[in-house]
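Summary of structural features
Single-letter residue listing:
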Amino acid sequence: MLITSKKVVATTLDSDGIEYMKTILKDVKGCDGIEYRSEDASKISKDSDNSFDVLYSRMCLHYLTDEELSVTLSDCYRILKPEGIFFIALKSANDRMAKASNSKIDERTGLTIVSDYKLYANQNRRFHTIESISKAVKKAGFKIEDILELKERLCKDWERKIISDSDATVIQLVARK
């Protein structure tokens, strides 16, 4: 249960994502005080230092290059209050898309170029291992409290209306400042 006196912000790039988050959390006790933002997670530097108790990042950090991720995680660390919590969910290197036969890794950016999935053609992502995301999060100053890899059924489309035929492999991480 979330403590409603805490400042909780959830971000996504699109308004449909905000509606989706609200739908999922509408019946969860203590989630009525969440602030939802439509913004690019890699551009949070405008927020004040030590201004948030909790950050929640779901399925967005894997779109960042290694360099962008480093800057973003440092900004997240900066804007979290002491003892603040950061929840992260992102695609795993064990995901079927990362292992696609025509996908390749750009060594300069760390992104995998996905080229043989109809809905995801030519989208670049950084598929992480538990080790790679742990290293990035720790480099930013965070202490990892929990991390696990799991299977999850995601949607195929940005509108979140078409459920995928198969499970995605996702890493979930909880870190503290």
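I will try to describe carefully the structure that is included in this document. (Residues numbered from 1 in each chain as written. Predicted model: local features only at pLDDT ≥ 70, side-chain atom pairs only at ≥ 80, totals over all residues. Heavy atoms only, no water.)

**Quick notes on the side chain of Arg126**
Within the secondary structure, Arg126 is located in the loop between strand E7 (123-125) and helix H3 (130-139). Setting aside chain neighbours within four positions, we find Arg126 in contact with His62, Leu64, Asp66, Lys91, Gly110, Leu111 and Ser132. (Helix = DSSP H or I, 4+ residues; strand = E, 2+ residues; numbered from the N terminus. Contact = heavy atoms within 4.5 Å.)

**Some details on the pattern of salt bridges**
Once the charged atoms of two side chains with opposite charge are near each other, the side chains can pair. Per the counting criterion, the structure on display carries twelve salt bridges. The residue Glu145 makes a salt bridge to Arg176 at a minimum N-O spacing of 2.5 Å. You can see Glu145 sitting in strand E8 (residues 143-152) and its partner Arg176 sitting in strand E9 (residues 168-176), a full 31 residues away along the chain. What makes Glu145 partly exposed here is its relative accessible area of 48%. The partner of Arg153 in a salt bridge is Asp167, with the nearest N and O atoms 2.8 Å apart. Of this pair, Arg153 sits in the loop between E8 and E9 while Asp167 sits in the loop between E8 and E9, placing them 14 residues apart in sequence. (Salt bridge = Lys/Arg side-chain N within 4 Å of Asp/Glu carboxyl O. Buried < 20%, exposed > 50% of the residue type's maximum accessible area, 1.4 Å probe, protein only.)

**Brief notes about the nonpolar core**
Formed by 24 residues in total, the largest nonpolar core has its most connected members in Leu61, Leu73, Phe86, Ile88, Val137 and Phe142. If you list the elements that add at least two residues to this core, you get strand E3 (52-58), helix H2 (66-79), strand E4 (80-91), H3 and E9. In contact with Phe86, not counting residues within four places along its chain, are Leu55, Ser57, Leu61, Leu73, Cys76, Leu80, Phe142, Leu173, Val174 and Ala175. If you look at the next biggest cluster of nonpolar residues, it comprises six residues, including Ala10, Ile18, Met21 and Cys31. (Core = buried A, V, L, I, M, F, W, Y, C linked by side-chain atoms within 4.5 Å.)

**A few points about helix H1 (residues 15-25)**
When H1 is considered as a whole, its buried residues turn out to be Gly17, Ile18 and Met21. Buried residues of H1, viewed axially, fall in a sector of 100 degrees; they line one side. (Arc of directions from axis to C-beta.)

**Here we look at the state of the cysteines**
Applying the stated rule across the entire model yields zero disulfides. Here Cys60 is not disulfide-linked; the sulfur of Cys76 is the nearest cysteine sulfur, at 8.5 Å. (Disulfide = S-S within 2.5 Å.)

**Points about the packing of H2 against H3**
Helix packing for two helices is described by the angle between their axes and how far apart those axes are. The geometry of H2 relative to H3 is characterised by a closest axis approach of 8 Å and an angle of 50 degrees between their N-to-C directions. Judged by the angle between their axes, H2 and H3 are oblique. The handedness of the crossing between H2 and H3 comes out as right-handed. Contacts between H2 and H3 pair Leu69, Ser70 and Leu73 from the former with Ile133, Ala136, Val137 and Lys139 from the latter. Looking at the contact of H2 with H3, its residues break down into five nonpolar, one polar and one charged. (Axes fitted to C-alpha atoms, helices over the stretch in contact; angles between N-to-C directions. Parallel < 35°, antiparallel > 145°, perpendicular 65-115°, else oblique. Left-handed = near helix turned anticlockwise from the far one by under 90°. Nonpolar A, V, L, I, M, F, W, Y, C, P; charged D, E, K, R; others polar.)

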